[in-house]
Amino acid sequence: MVMFISCAGIIALFYIQFILYKMGKQKNFKEFIKSQQLWNVIKELLVIILGVTLAINFTSAVEERETKEKVIKMLDSIDLEIQTEYDLCKILREDYLAGEIDVDQLALQLTHNTAFSEIILTNDIVVNTMSPNLYIEMSYFIHSINRIHDAIIAGQVPSNMIRSRLNFIELFCESIQKDINIEKLYLQGKISEKELEYQRRNQSFTE
């Protein structure tokens, strides 16, 4: 929109300058092209184009920074949910191993803690701004822990596998939180894209 208005303004300025030249000297367009006034108009147009370009670049930079700040806040919210999931699994695993709760009691206390994260991952701003690798990993993370939750709640996980399943969730939570912190550093401009991918590869986590 800004570019369209600027182009229209440039054309209008050129036309007005020609009209003024014609009114003042009663000469045609060919003579206007050969005149000194044309060069004055060209210099004015170059100044306008430079100003418009700088304005557009500045506006784009501001919008990009604001978008990244929004995504960082969303990542903070996701990180909070992941921490809640981690804390819950750790408590349940320790209580289960200590014999303070059985499988049924554990299943009753096991709740989904990633509802908001699932909503965030459908946000267009997040999809377009977040690193593709992190987006894929987080989607897989949510799917995996929800699958484990459902299996435990449905009584489909043998009692001797409860510990390992909960431990897997804890380790996965820690891995995702590290990736989120790396992503935030990248969005804040503190590390480059190359450093982002290097750090992520060095601490990747798979089931």
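None of these values were measured; they are calculated from a predicted model. (Residues numbered from 1 in each chain as written. Predicted model: local features only at pLDDT ≥ 70, side-chain atom pairs only at ≥ 80, totals over all residues. Heavy atoms only, no water.)

A. Here's a closer look at the packing of aromatic side chains. Counted according to the given criterion, the structure contains three aromatic pairs. Residues tyrosine 140 and phenylalanine 172 carry aromatic rings whose centres are separated by 5.8 Å and whose planes lie at 55° to one another, so their mutual orientation is tilted. Note that tyrosine 140 is positioned in helix H7 (residues 132-153) and phenylalanine 172 in helix H8 (residues 162-187), a separation of 32 residues in sequence. Under the relative-accessibility criterion, tyrosine 140 is labelled partly exposed at 33%. Accessibility expressed as a relative area gives 1% for phenylalanine 172, which makes it buried. Put simply, the rings of Tyr140, Phe141, Phe168 and Phe172 touch in pairs and so form one group of aromatic residues. It is arginine 165 that lies over the ring of phenylalanine 168; its NZ or CZ is 5.6 Å from the centre. (Phe/Tyr/Trp six-rings, centres within 6.5 Å; stacked < 30°, edge-to-face > 60°. Helix = DSSP H or I, 4+ residues; strand = E, 2+ residues; numbered from the N terminus. Buried < 20%, exposed > 50% of the residue type's maximum accessible area, 1.4 Å probe, protein only. Lys NZ or Arg CZ within 6 Å of the ring centre and 35° of its normal.)

B. Highlighting the environment of glutamine 199. Of note, glutamine 199 is situated in helix H9 (residues 193-202). It is 10.0 Å that separates the C-alpha atoms of glutamine 199 and glutamate 183, two residues lying 16 residues apart in sequence. The residues contacting glutamine 199, other than those within four sequence positions of it, are Ile182 and Ile191. (Contact = heavy atoms within 4.5 Å.)

C. Expanded view of the side chain of glutamate 170. Summarising the element assignment, glutamate 170 is placed in helix H8. Setting aside residues no more than four positions away along its own chain, glutamate 170 makes contact with Tyr86, Cys89, Lys90 and Arg93.

D. Region of the structure containing the pattern of salt bridges. What the rule picks out here adds up to four salt bridges. One salt bridge in this structure joins glutamate 170 and arginine 93, with 2.5 Å as the shortest N-O distance. Highlighted residues: glutamate 170 in helix H8 and arginine 93 in helix H3 (residues 36-97), separated in sequence by 77 residues. Here glutamate 170 matches arginine 93 in class, with each residue buried. (Salt bridge = Lys/Arg side-chain N within 4 Å of Asp/Glu carboxyl O.)

E. Examining H7 more closely. The first and last C-alpha atoms of H7 sit 32 Å apart over 22 residues, in line with the 32 Å expected at 1.5 Å per residue. Where H7 ends, the next residue or the one after it, glycine 155, has phi of about 75°, a positive value. (Expected span 1.5 Å × (residues − 1).)

F. Examining the nonpolar core more closely. By size, the foremost hydrophobic cluster in this structure holds 37 residues, and its most contacted members are Leu106, Met138, Phe141, Ile152 and Leu166. If you list the elements that add at least two residues to this core, you get H3, helix H4 (103-109), H7 and H8. Here this core takes 11 residues from H3, the largest share from any one element. The contact partners of phenylalanine 141, leaving out residues within four places of it in the chain, are Ile82, Thr114, Phe172, Cys173 and Ile176. (Core = buried A, V, L, I, M, F, W, Y, C linked by side-chain atoms within 4.5 Å.)

G. Region of interest: the packing of H8 against H9. Between H8 and H9, whose axes approach to 10 Å, the crossing angle comes to 175°. It follows that H8 is roughly antiparallel to H9 by the angle criterion. Every residue of H9 that contacts H8 at Asp179, Ile182, Glu183 and Tyr186 is listed here: Glu193, Leu196, Gln199 and Arg200. Among the residues making up the contact of H8 with H9, the classes are represented as three nonpolar, one polar and four charged. (Axes fitted to C-alpha atoms, helices over the stretch in contact; angles between N-to-C directions. Parallel < 35°, antiparallel > 145°, perpendicular 65-115°, else oblique. Nonpolar A, V, L, I, M, F, W, Y, C, P; charged D, E, K, R; others polar.)

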